Amino acid sequence: MGSDPEAKADGGFTEQDLLLGKTAVTFIRALCALGFVVCVGIAIFVFMNVPWGTRMPYDGKYNRSGNGIPMQVAMLPCLVVLFEFWHGGRKPDAHQMRKGSRVGLDILGPGIVLAAVVGQWIMGQSILVAGGYLAG
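Residues numbered from 1 in each chain as written. Predicted model: local features only at pLDDT ≥ 70, side-chain atom pairs only at ≥ 80, totals over all residues. Heavy atoms only, no water.

**Some details on the layout of surface pockets**
- If you add up the space inside the largest pocket, you get close to 170 Å³.
- As for the largest pocket, its lining consists of Val25, Ile28, Arg29, Phe85, Trp86, Gly88, Gly89, Lys91, Asp93, Ala94, Met97 and Leu105.
- Those elements giving two or more residues to the lining of the largest pocket turn out to be α1 (15–49) and α3 (76–88).
- The residue makeup of the lining of the largest pocket, split by class, is seven nonpolar, two polar and three charged. (1 Å grid on protein atoms, 1.4 Å probe; cavity = no way out; pocket = protein on both sides within 12 Å on 5 of 7 lines; lining within 4 Å. Points joined across faces, edges and corners; volume = space filled by probe spheres on them. Helix = DSSP H or I, 4+ residues; strand = E, 2+ residues; numbered from the N terminus. Nonpolar A, V, L, I, M, F, W, Y, C, P; charged D, E, K, R; others polar.)

**Focus: the packing of aromatic side chains**
- Under the defined criterion, the tally for this structure stands at three aromatic pairs.
- Aromatic side chains Phe47 and Trp52 sit 5.5 Å apart centroid to centroid with 65 degrees between the ring planes, which places their arrangement in the edge-to-face category.
- The partly exposed category is assigned to Phe47, whose relative accessible area is 27%.
- Since its relative accessible area comes to 56%, Trp52 is described here as exposed.
- When the centroid spacing of 5.7 Å and the interplanar angle of 40 degrees are considered together, the rings of Phe83 and Trp86 count as tilted. On the criterion of helical spacing, the pair formed by Phe83 and Trp86 is a turn pair, its members being three residues apart in helix α3.
- Owing to a relative accessible area of 25%, Trp86 belongs among the partly exposed residues under this scheme.
- Looking at Arg98, its charged tip hangs above the ring of Phe13, at a distance of 4.3 Å from the centre. (Phe/Tyr/Trp six-rings, centres within 6.5 Å; stacked < 30°, edge-to-face > 60°. Buried < 20%, exposed > 50% of the residue type's maximum accessible area, 1.4 Å probe, protein only. Lys NZ or Arg CZ within 6 Å of the ring centre and 35° of its normal.)

**Brief notes about the nonpolar core**
- If you look at the biggest cluster of nonpolar residues, it comprises 14 residues, and the most contacted ones within it are Val25, Cys39, Leu82 and Leu105.
- Counting residues per element, the ones that place at least two in this core are α1, α3 and α4 (99–130).
- Per-element tally for this core: the top contributor is α1, with five residues.
- Setting aside chain neighbours within four positions, we find Cys39 in contact with Leu79, Leu82, Ala116, Val117 and Gln120.
- Among the nonpolar cores identified, the runner-up in size contains 10 residues, and Ile42, Val46, Ala74 and Leu128 belong to it. (Core = buried A, V, L, I, M, F, W, Y, C linked by side-chain atoms within 4.5 Å. Contact = heavy atoms within 4.5 Å.)

**Some words on the pattern of salt bridges**
- Applying the stated criterion to the full structure yields one salt bridge.
- Of the charged contacts, one joins Asp17 and Arg102 as a salt bridge, the two residues approaching to 3.3 Å between their closest N and O atoms. Here Asp17, found in helix α1, pairs with Arg102, found in helix α4; they are 85 residues apart in sequence, far enough to count as distant.
- Judged by its relative accessible area of 11%, Arg102 falls in the buried class. (Salt bridge = Lys/Arg side-chain N within 4 Å of Asp/Glu carboxyl O.)

Here's what the structure looks like:
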């Protein structure tokens, strides 16, 4: 195996595949951690600026009563997505990926993190409007 980048390691991956996979996983895990911190910050700001009993406005197909869901529950989904995405990078074989998987992770990974942060932002803004902090 030595210094030959095309030498196959266990599982049919080259040493270069494993090294680049580890770099990709490390990058995405750091991005998830950063996104998680931003989402927690948004949640804390929302919790500090609206009454605790504020509910997320919703009058759709499954809840015609107009009560909506509590803001505490509405702020969880994006945090859960980011945590699970981050946690997936902790698997022992997370770094075992070839070029196609790495490219997919490099394109979709930041998109997923960005979507979670934007989703948290939109959810927080809606709750701030419902709680009277922002004008709606």
